[in-house]
Amino acid sequence: MAKCRIPGQWRVPVNSRATTRAGRRGTGNHPGERHWRAPVSQAPEHTRTDAWPGHPQPLGARFRVGPDGTEGTNFALWAGGAEAVEVCLFDDQGHQTRCPLEELTHEIWHGFLPGVRPGQRYGYRVHGPWDPFAGARWNPAKLLLDPYARAVDGEFALPPEVYGHTRDHPRQDIADTVRDERDSAPHVPKGVVVHDTDTWVDDRRPKTPWPDSVIYELHVRGFTMRHPEIPPELRGTYAGLAHPAAIEHLTGLGVTAVELLPVHQFAHEDHLLRRGLTNYWGYNSIGYFAPHAGYSASGSRGQQVGEFKNMVRALHQAGIEVILDVVYNHTAEADERGPTLSLRGIANPGYYRLADDPRRYADYTGCGNTLHVVQPQVLRLITDSLRYWVQEMGVDGFRFDLAAALARSMHDVDMLSPFLAVIAQDPVLRRVKLIAEPWDVGNGGYQVGAFPPLWTEWNDRYRDTVRDYWRGALPDVRDLGYRLSGSSDLYAWGGRRPYASVNFVTAHDGFTLRDLVSYQHKHNEANGEDNRDGTDDNRAWNCGAEGETDDPEVNALRRRQLRNLLTTLLLSTGVPMLVAGDEFGRTQGGNNNGYCQDNEIGWVDWSLTGNQHWQALLDLTRRLIRMRREHPVLRRRAFFSGRRQAPAGIRDLGWFTGEGKEMTEEDWYAPSHTVGMYLSGRDIPQRDARGRPVTDVSFLVVLHAGPEPTDFPLPGPPWGAVYRLLLDTSRERQDTPPDSTHLGGTALRVPERSVLLLRVEQVDVPVRAGA
């Protein structure tokens with residue numbers, strides 16, 4: 001049985017590679033800095049205990065029965081290159097018990113601590129050389145969060161003590177090379193030992209096929225913070241999202257999946273805390289196994305795990321899948337000037353991509369650092385995390401933030417990269433929904449359409465094209481035709497299908513739908529960066545006035561544009577994604593970068609549903625989603641061929657000019673305000689579960705973005721003999737349509753800036769004998 005060392009008697013072995021540069025060990029003092037010393041603080045009083053050998057697998061802190069039936073917790077930490085590891089236990093008063101993990105197996109430090117039970121708070125201290133010029137940033141004065149911690153207790157503040165280097169050094173050009181000796185334990189959250197006995201035998205996953213999916217992007221906190229029917233103590237929490245009032249809205253809307261903005265434990269950036277703000281969106285992960293404790297109504301000593309699972313169960317029971325927005329491309333430790341919270345202090349060169357100068361970080365994310373996914377231990381960390389959320393937390397899929405950064409091999413984006421290869425063969429992960437944000441900020445990072453089969457992608461070309469069409473900025477209609485019909489130019493390769501395209505007009509990042517038609521320019525002053533943050537490429541049109549106005553004509557036009565955008569999205573081939581609140585006019589006051597607005601700017605305003613105009617928009621959205629669910633021609637599983645199905649028959653997809661004529665090659669290259677799209681329900685290349693052909697009614701969609709009404713000649717036989725108008729976005733409400741029957745070959749009056757949806761009531765299609 002190993003004996004714990006007495007505090008102050010640690011003797012860190014000298015690492016020859018870390019001492020080749022004079023003056024770069026110890027405190028990191030440089031020539032000319034001899035009279036300045038890094039600050040030192042006395043470590044808090046602590047006791048010591050001994051660890052049994054334990055096991056190197058699995059990683060993390062796992063409660064179990066050890067030798068002789070003794071209950072305890074096995075701790076295992078990969079820390080390649082480290083020279084010693086201590087696990088530190090904390091009681092409710094903050095008293096610390098430190099014990100070295102003296103067993104080392106394949107760079108995994110491990111030990112079993114008898115008597116340590118669920119609810120125990122803990123962290124690690126990792127010893128090793130301090131040589132930032134070689135990428136080595138070990139500092140045992142800093143308490144580190146276990147990368148495999150399944151729950152986290154406490155808030156991340158960022159005082160100088162949590163930095164491995166001396167943040168307040170008088171020479172800022174060398175500050176990151178001078179080690180800070182102050183103890184960080186009183187200032188950082190701790191991991192929590194969690195015992196998981198859930199078997200999920202009472203849970204049934206919806207398993208909604210991709211073509212039938214309608215995704216609803218929401219923020220766990222922001223979605224419920226202002227909901228009047230959710231008890232105040234549950235608002236902004238997992239339990240709040242599981243509340244019947246929240247679920248009733250989702251089921252009434254008809255969405256099949258919620259895509260949650262990050263729920264991994266995250267930290268706030270120093271520059272935000274200094275301005276009295278926080279990272280509201282959560283794209284600053286620090287714990288890939290832990291549900292963010294700030295969203296728990298029941299507690300943070302492991303209760304957040306059970307609350308998250310209960311939320312997933314409630315959503316599953318309502319037929320709604322749970323997709324997590326995950327951030328495996330970088331961590332909250334930022335660049336070399338950032339805090340030492342976890343991976344940097346465990347094994348900086350083993351976890352992060354370092355630049356040619358190892359003192360610096362390769363940054364493909366715009367957030368200061370990039371995880372080195374090519375490294376086996378990093379790849380294991382990510383895949384272990386993904387499998388955990390699927391198998392033990394019940395989630396149904398993932399949207400990968402800046403996925404191109406994960407697909408990089410050594411430098412370039414590589415679609416044969418280890419990350420993509422591992423996902424493709426993993427028996428758990430290849431079965432769940434996988435969505436790529438197919439870009440990063442590095443060279444060659446824009447990869448829309450390039451991800452392999454199994455993956456779907458956020459299609460920003462859909463977003464840009466639809467926005468441009470409805471604001472009158474498209475030079476021609478080629479792109480519009482591709483985007484409405486599934487983006488075959490991007491995805492018709494390698495066996496990919498139309499549902500590889502996640503179509504969206506808005507996302508969390510950028511204007512809300514209402515702001516898109518109310519503001520020409522961003523208004524981000526509340527972010528404290530003098531309106532410099534956020535994109536300037538909004539492709540927005542304010543309909544004649546900037547911001548809120550009392551002008552009834554401007555407001556009526558804006559609501560019509562909202563109906564046009566939503567109708568276009570939900571009638572397009574592919575997987576539609578809505579953003580929470582867009583269906584009833586949510587606004588952020590023109591802020592297109594609300595990542596730091598944990599307030600009314602970022603929260604969904606449910607009072608809008610009491611307004612008759614916004615209620616009408618909500619009703620339209622519900623109707624469109626219901627139509628999509630009822631008609632397979634609107635959610636095809638295969639791309640359109642564009643060919644005639646018989647010599648005298650019709651195409652499965654027909655395109656018509658504003659004059660009612662079939663479009664020619666020349667027409668696609670010409671600007672146009674009016675486009676007709678015919679969707680044939682007779683020619684769906686799909687069979688049902690019993691092998692029978694799937695057929696549907698046929699539809700004609702007329703999109704007219706012009707500022708004046710126009711006459712559109714309806715295609716006559718063989719396309720259609722009679723058309724019935726189902727939807728007209730020029731009208732506020734759709735529940736009392738006017739006389740709606742129109743004969744093929746006659747002209748239909750199309751109001752300015754509107755979408756008309758017509759059902760083909762009769763089709764006269766001559767068919768050859770034997771055809």
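The structure we're discussing is the one just above.
Now for a description of the structure that goes with this document. All chains use their own residue numbering, which begins from 1 and follows the written sequence. Since the coordinates come from a predicted model, pLDDT governs what is reported: local features require at least 70, and pairs of side-chain atoms require 80 or more to be given and counted, while whole-chain, interface and lining totals use all residues. Note that the side-chain values use all heavy atoms of the structure and ignore hydrogens as well as water.

1. What to know about the pairing of strand 27 (residues 722–728)
Part 1 of the reasoning: Within strand 27, six of the seven residues are buried, which leaves the element mostly enclosed by the surrounding structure.
Part 2 of the reasoning: Direction of pairing for strand 27 relative to strand 28 (residues 741–743): antiparallel, over a ladder of three bridges. The residue of strand 28 that forms the bridge with Y723 is H742.
Part 3 of the reasoning: At least two bridges found by DSSP between two strands is the condition for calling them paired. Elements are defined by DSSP. Helices are runs of H or I of four residues or more, strands are runs of E of two residues or more, and each kind is numbered from the N terminus. In terms of strand pairing, strand 27 meets strand 30 (residues 754–762) through six bridges, oriented antiparallel. Its bridge partner lying in strand 30, D728 is registered against L756. Classification of residues uses two cut-offs on accessible area relative to the type maximum, computed with a 1.4 Å probe and protein chains only: under 20% is buried, over 50% is exposed, and between them is partly exposed.

2. Regarding the pairing of strand 22 (residues 575–579)
Part 1 of the reasoning: Counting buried positions over the five residues of strand 22 gives five, a clear majority of the element.
Part 2 of the reasoning: Side chains V575, M577 and V579 project from strand 22 onto one buried face, and the interleaved P576 and L578 project onto a second face that is buried too.
Part 3 of the reasoning: With two bridges joining them, strand 21 (residues 501–503) and strand 22 adopt parallel strand pairing. Among the inter-strand pairings, N503 is bridged to a residue of strand 22, identified as P576.

3. Observations regarding the sheet that holds strand 20 (residues 455–459)
Pairing between the strands of a sheet comes from backbone hydrogen bonds, and it takes one of two forms, parallel or antiparallel.
Part 1 of the reasoning: Overall, parallel pairing links the eight strands, which are arranged 13-14-17-18-19-20-21-22 in a closed barrel. Pairwise comparison of adjacent strand axes, ignoring direction, gives a mean angle of 30° for this sheet.
Part 2 of the reasoning: Note: strand 13 (residues 215–218) against strand 14 (residues 257–260), four bridges, orientation parallel. By the bridge assignment, Y216 is partnered in strand 14 with V258. Angular values range over 0 to 180 degrees, each being the angle between N-to-C directions of two axes fitted as lines to C-alpha atoms, with helices fitted over their stretch in contact.

4. Side note on empty space enclosed by the protein
Part 1 of the reasoning: Here a cavity denotes a set of grid points, spaced 1 Å apart and computed over the protein atoms alone, in which a 1.4 Å probe fits but from which it cannot get out, and a pocket denotes an open set meeting protein on both sides within 12 Å along at least five of seven lines; residues with an atom within 4 Å of a point are reported as lining. Grid points are joined across faces, edges and corners, and a volume is the space filled by probe spheres set on the points. Tallied over the full model, the rule gives eight cavities of 30 Å³ or more.
Part 2 of the reasoning: Those elements giving two or more residues to the lining of the largest cavity turn out to be strand 13 and helix 1 (220–224).
Part 3 of the reasoning: Considering only enclosed or pocket space, the second largest cavity measures out at about 80 Å³ in volume.
Part 4 of the reasoning: Lining the second largest cavity are R467, W470, R471, L516, V517, R539, A540, W541, C543, Q561 and L565.
Part 5 of the reasoning: Charged means Asp, Glu, Lys or Arg here, nonpolar means Ala, Val, Leu, Ile, Met, Phe, Trp, Tyr, Cys or Pro, and polar covers whatever is left, Gly included. Among the residues forming the lining of the second largest cavity, the class breakdown is seven nonpolar, one polar and three charged.

5. A few points about helix 15 (residues 612–630)
Along an α-helix, a turn takes 3.6 residues, which lines up residues three or four apart on a common side.
Part 1 of the reasoning: With 19 residues, helix 15 ought to run about 27 Å at 1.5 Å a step, and its terminal C-alpha atoms sit 27 Å apart, in line with that.
Part 2 of the reasoning: If you check which residues of helix 15 are buried, you get W614, A616, L617, L618, L620, T621, L624, I625, M627 and R628.
Part 3 of the reasoning: Under this definition, polar contacts are N or O atom pairs within 3.5 Å; protein pairs additionally need one hydrogen-donor-capable and one acceptor-capable atom, and for neighbouring residues in sequence, both atoms have to be side-chain atoms. For helix 15, the capping residue at the N-terminal end is N611, with a side-chain oxygen 2.7 Å from the backbone nitrogen of H613. One less than the residue count of a helix, multiplied by 1.5 Å, gives the span that helix is expected to have.

6. Thoughts on the packing of aromatic side chains
Part 1 of the reasoning: Here a pair means two rings of Phe, Tyr or Trp (six-membered ring of Trp) with centres within 6.5 Å. Their orientation is stacked below 30 degrees between planes, edge-to-face above 60, and tilted elsewhere. Tallied over the entire structure, the rule returns 31 aromatic pairs.
Part 2 of the reasoning: Between Y328 and F400 the ring centres are 6.3 Å apart and the planes differ by 40°, which places this aromatic pair in the tilted class. Residue Y328 is found in the loop between strand 17 (321–326) and helix 6 (343–351), and its partner F400 is found in strand 18 (residues 397–400); the two are separated by 72 residues along the sequence.
Part 3 of the reasoning: Between W439 and Y446 the ring centres are 6.2 Å apart and the planes differ by 15°, which places this aromatic pair in the stacked class.

7. Brief notes about the packing of helix 10 (residues 460–470) against helix 14 (residues 552–571)
Part 1 of the reasoning: Where helix 10 contacts helix 14, the two axes come as close as 11 Å, and the packing angle between them is 140°. In this view, helix 10 runs oblique relative to helix 14, as classed from their interaxial angle. Of the two elements, helix 10 crosses helix 14, and the hand of that crossing is right-handed. Residues Y462, V466 and W470 of helix 10 lie in contact with helix 14, whose contacting residues are Q561, N564, L565, T568 and L569.
Part 2 of the reasoning: Partitioned by chemical class, the residues of the contact of helix 10 with helix 14 number five nonpolar, three polar and no charged. With respect to orientation, any angle under 35 degrees is reported as roughly parallel, any angle over 145 as roughly antiparallel, any angle of 65 to 115 as roughly perpendicular, and every other angle as oblique. Take the far helix as the reference: if the near one is turned anticlockwise from it by less than a right angle, the crossing is left-handed, and if turned clockwise, right-handed. Whether two residues are in contact is decided by their heavy atoms: any pair within 4.5 Å suffices.

8. What to know about the environment of T568
Part 1 of the reasoning: Mapping T568 onto the fold places it in helix 14.
Part 2 of the reasoning: Expressed as a C-alpha distance, the spacing of T568 and Y678, which sit 110 residues apart in the sequence, is 14 Å.

9. Brief notes about the environment of R313
Part 1 of the reasoning: Mapped onto the fold, R313 is located in helix 5 (residues 303–317).
Part 2 of the reasoning: Once the C-alpha coordinates of R313 and P453 are considered, the two residues, 140 residues apart in sequence, prove to be 29 Å apart.
Part 3 of the reasoning: Residue contacts for R313: discarding those within four places in its chain leaves D198, W200, D202 and D203.
Part 4 of the reasoning: Only 3.0 Å separates the side chain of R313 from the side chain of D202, close enough to count as a polar contact.

10. Structural notes on the pattern of salt bridges
Part 1 of the reasoning: In what follows, salt bridge is the name for a side-chain nitrogen of Lys or Arg lying within 4 Å of a carboxyl oxygen of Asp or Glu. Taken as a whole and judged by the stated rule, the model has 60 salt bridges.
Part 2 of the reasoning: Between R182 and D168 there is a salt bridge; the shortest N-O distance is 3.4 Å. Placement of R182 in the loop between strand 11 (152–153) and strand 12 (190–192) and of D168 in the loop between strand 11 and strand 12 is noted, with a sequence separation of 14 residues between them.
Part 3 of the reasoning: Judged by relative accessible area, R182 falls into the buried class, the value being 12%.
Part 4 of the reasoning: The exposure class of D168 is partly exposed, given its relative accessible area of 43%.

11. Topic: the packing of helix 14 against helix 15
Part 1 of the reasoning: With their axes 10 Å apart at the nearest point, helix 14 and helix 15 run at an angle of 15° to one another. Here helix 14 is positioned roughly parallel relative to helix 15, judged by the angle of their axes. Of the two possible hands of crossing, helix 14 and helix 15 adopt the one that is right-handed. Counting all contacts with helix 14, which are made through R559, L562, R563, L566, T567, L569, L570 and L571, the residues of helix 15 involved are H613, W614, L617, L620, T621, L624, I625 and R628.
Part 2 of the reasoning: Classifying every residue of the contact of helix 14 with helix 15 by side-chain character gives 10 nonpolar, three polar and three charged.

12. Points about the sheet that holds strand 25 (residues 698–704)
Part 1 of the reasoning: Ordered by their spatial adjacency, six strands build an open sheet running 23-24-25-30-27-28, and the pairing between neighbours is antiparallel. The open sheet is flanked by strand 23 (653–656) and strand 28, the only strands paired with a single partner. With strand direction ignored, the average angle separating the axes of adjacent strands in the sheet is 25°.
Part 2 of the reasoning: Contacts from helix 14 reach strand 24 (674–679), strand 25, strand 27 and strand 30, with the element oriented near 45° to strand 30.

13. Notes on helix 5
Part 1 of the reasoning: Spanning 15 residues, helix 5 covers 21 Å between terminal C-alpha atoms, matching the ideal 21 Å at 1.5 Å per step.
Part 2 of the reasoning: Taken as a whole, helix 5 has its buried residues at Q304, V305, E307, F308, K309, M311, V312, R313, A314, L315 and H316.
Part 3 of the reasoning: Positioned one or two residues after helix 5, G319 has a phi angle of 80°, which is positive.

14. A word on unusual backbone geometry
Most peptide bonds take the trans configuration, and most residues that are not glycine carry a negative phi.
Part 1 of the reasoning: The residue after Q57, namely P58, is reached through a cis peptide bond having omega -10°.
Part 2 of the reasoning: In this structure, P58 sits in the loop between strand 1 (46–48) and strand 2 (60–65).
Part 3 of the reasoning: Between P717 and P718 the backbone carries a cis peptide bond, its omega angle lying at 10°.
Part 4 of the reasoning: Along the chain, P718 turns up in the loop between strand 26 (710–713) and strand 27.
Part 5 of the reasoning: Even without a glycine there, the phi angle at W200 is positive, about 60°.

15. Thoughts on the side chain of Q120
Part 1 of the reasoning: Its place among the elements puts Q120 in the loop between strand 7 (108–114) and strand 8 (121–127).
Part 2 of the reasoning: In this view, Q120 contacts L89, F90, G191, V192 and V193; residues no more than four positions away in its chain are not counted.

16. A word on the nonpolar core
Part 1 of the reasoning: The biggest cluster of nonpolar side chains holds 165 residues, and the ones touching the most others in it are F75 and F400.
Part 2 of the reasoning: For the purposes of this section, nonpolar cores are sets of buried Ala, Val, Leu, Ile, Met, Phe, Trp, Tyr and Cys residues that join through side-chain atoms within 4.5 Å. By size, the runner-up hydrophobic cluster in this structure holds 18 residues, among which are I323, W439, W458 and M577.

17. Brief notes about the environment of E583
Part 1 of the reasoning: As for its placement among the helices and strands, E583 is situated in the loop between strand 22 and helix 15.
Part 2 of the reasoning: Residue E583 is classed as buried on the basis of its relative accessible area, which comes to 1%.
Part 3 of the reasoning: It is 8.5 Å that separates the C-alpha atoms of E583 and L513, two residues lying 70 residues apart in sequence.
Part 4 of the reasoning: Every residue in contact with E583, bar those within four places of it in the chain, is listed here: Y216, H249, L253, W614, L617, L618 and T621.

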